[in-house]
Amino acid sequence: MPETKLKKLPIAKLRTALRTWYQESGRDLPWRQTQDPYAIWVSEIMLQQTQVKTVIPYYQRWLAQFPTIASLAAAPQQDVLKVWQGLGYYARARNLHRAAQQVVADWDGTFPEQFDQVMSLPGIGRTTAGGILSAAFNQPTPILDGNVKRILVRLLAIQQPPKKVLADLWEASTALLDPEYPREFNQAFMDLGATLCTPKQPQCDRCPWRSDCQAYRHQLQTTLPMTEQKAPVPHKQIGVAVIWNDQNQILIDKRPQKGLLGGLWEFPGGKVEPQESVEDCIRREIKEELGIEIGVDDHLITVNHAYTHFKVTLMVHHCHHIQGEPQAIECDEIRWVTLAELDEYPFPKANQEIIAALRASKQPAPKG
DNA sequence: GAGTCGTGGCC
DNA sequence: TGGCCAAGACT
């Protein structure tokens, strides 16, 4: 069905109009100042599900610390996660790190130019591969990110959720891509979605494609793309322990590589069971996870945090070590550290709020 | 193929 | 201010 819609599009006219608009109104972004495939690769990974404004400072710090693929490959994972700290979706950093090691091992540190080889790297899917190859090497590889999906759904007035018509959208992105200027075209495509064809209140009056946009023609631009209904997110109550020993050190643990916040450090704790007090929960969880007995003391802070598919309330208490040698039972590693040393470890956002509270209160270790 | 995976900006 | 969404990939 979209094939007929595609055939009606004046593709040459659209390409020219977009290119003209881009040369006047395109964004000047840091990763467009270079054709280094590594720098472009880093930007593409950081930009997954993340806004440009958020990425820019991380991108600059990253390249300052890891200027080459070889330097990234040689770095300890903890250093990599520390630079990524706060950016979220930490599998991106772990995969980027692994992929750099793969590039060093397989291609002597030179980023590949073949699509299949690029796709074989962890963390790089079809859109990211297309984005890198078009930006770095000017290859005519199509993309289908959130911006492009939204533009195409509106341009073609597709009245189905984008997830249902991915194959059609890829076909459209491929058909539109300008084979003479693939680098400019893909960048212009995304800029159009990011600056004019926005999710809310699109600026159709400034759009180079307005006269051919089926959504605009039928005044559907604010109702498309159709959204799928989302399930309500669960809310978990978590008891968290800041465990002090008699040397004024705090016990932290490293989360397993797989799963949420993998490879990051945290203050140990766990889910409060029905009818269970927070204090009982903390004692039980610490016994289960670390194999030690603790005493639960004053409340430090309560932190609310929203993840993508659930919410948590962290109820944090000062605690003191009573007996037993801590063991890494349900985590990768455990360590006693001072308050000052916490800065050396990558922590997720919710735990950073706990650290800030610790420093603000400057509460000494309660003596057991 | 539906769930999983973070955080900040925006209104 | 709570919900939506962002240059998606992986299982």
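As the structure is a computational prediction, the values presented were derived from the model and not from experiment. (Residues numbered from 1 in each chain as written. Chains lettered and ligands numbered in written order. Predicted model: local features only at pLDDT ≥ 70, side-chain atom pairs only at ≥ 80, totals over all residues. Heavy atoms only, no water.)

Draft legend 1. The arrangement of the domain arrangement of chain A in detail. Domain boundaries in chain A define domain 1 (2-217) and domain 2 (235-361). For domain 1 versus domain 2, the distance between C-alpha centres works out to 38 Å. In this assembly, eight residues from domain 1 lie in contact with 16 residues from domain 2. Where domain 1 abuts domain 2, roughly 890 Å² becomes buried across the two surfaces, and 43% of that area is made up of carbon and sulfur atoms. Taken together, the links from domain 1 to domain 2 amount to zero salt bridges. Seen at the junction of domain 1 and domain 2, the total is eight residue pairs in polar contact (both at pLDDT 80 or more). (Domains from an automatic or database assignment. Contact = heavy atoms within 4.5 Å. Buried area = accessible area lost by both parts, 1.4 Å probe. Salt bridge = Lys/Arg side-chain N within 4 Å of Asp/Glu carboxyl O. Polar contact = N/O pair within 3.5 Å; in protein donor to acceptor, adjacent residues only side chain to side chain.)

Draft legend 2. Structural view of the protein's contact with DNA strand B. Neighbouring DNA strand B are 20 residues, the closest being Tyr89, Tyr90, Leu261, Thr308 and Lys349. Counting only atoms of DNA strand B within 4 Å of the protein, the fraction found in sugar and phosphate groups is 64%. Glycine 86 is positioned with one of its backbone polar atoms (N or O) 3.3 Å from a sugar or linking oxygen of DNA strand B. Between DNA strand B and lysine 349 there is a distance of 2.9 Å, counted from a phosphate oxygen to a backbone nitrogen or oxygen. When the residues that make up the surface near DNA strand B are grouped by side-chain class, the tally is eight nonpolar, nine polar and three charged. (Near = heavy atom within 4 Å. Nonpolar A, V, L, I, M, F, W, Y, C, P; charged D, E, K, R; others polar.)

Draft legend 3. Expanded view of the UniProt feature "binding site: 8-oxo-dGTP" (unreviewed entry) in chain A. UniProt tags Arg255, Glu266, Phe267, Pro268, Gly269 and Asn351 as "binding site: 8-oxo-dGTP" (unreviewed entry). Over a stretch of 97 residues, the named residues converge on one spot in the fold, their C-alpha atoms separated by at most 12.6 Å. Contacts of glycine 269, omitting those with residues within four sequence positions, involve Gly239, Val240, Glu285, Ile286 and Glu289. (UniProt positions renumbered as here; feature names shortened; annotations may be inferred.)

Draft legend 4. Spotlight on the nonpolar core. Counting 37 residues, the largest nonpolar core has Trp41, Met46, Trp62, Trp84 and Ile124 as the members making the most contacts within it. Looking at this core, the elements that each hand over two or more residues are α3 (37-46), α4 (52-65), α5 (69-74), α6 (77-84), α7 (91-107) and α9 (126-137). It is α3 that provides the largest number of residues to this core, a total of six residues. Residues in contact with tryptophan 62, not counting those within four places in the same chain, are Tyr38, Val42, Met46, Leu72, Val80, Val83, Trp84 and Leu96. Core analysis: the next-biggest nonpolar cluster, separate from the first, contains 35 residues, Leu6, Tyr22, Leu169 and Leu192 among them. (Core = buried A, V, L, I, M, F, W, Y, C linked by side-chain atoms within 4.5 Å. Buried < 20%, exposed > 50% of the residue type's maximum accessible area, 1.4 Å probe, protein only. Helix = DSSP H or I, 4+ residues; strand = E, 2+ residues; numbered from the N terminus.)

Draft legend 5. Structural detail: the pairing of strand β5 (residues 293-306). Inspection of the sheet shows β5 paired to strand β6 (residues 311-323) by eleven bridges, in the antiparallel sense. Across the sheet, valine 296 pairs through a bridge with cysteine 319, a residue of β6. Hairpin geometry of β5 and β6 is characterised by an intervening segment of four residues between the two adjacent antiparallel strands. (Pairing = 2+ DSSP bridges.)

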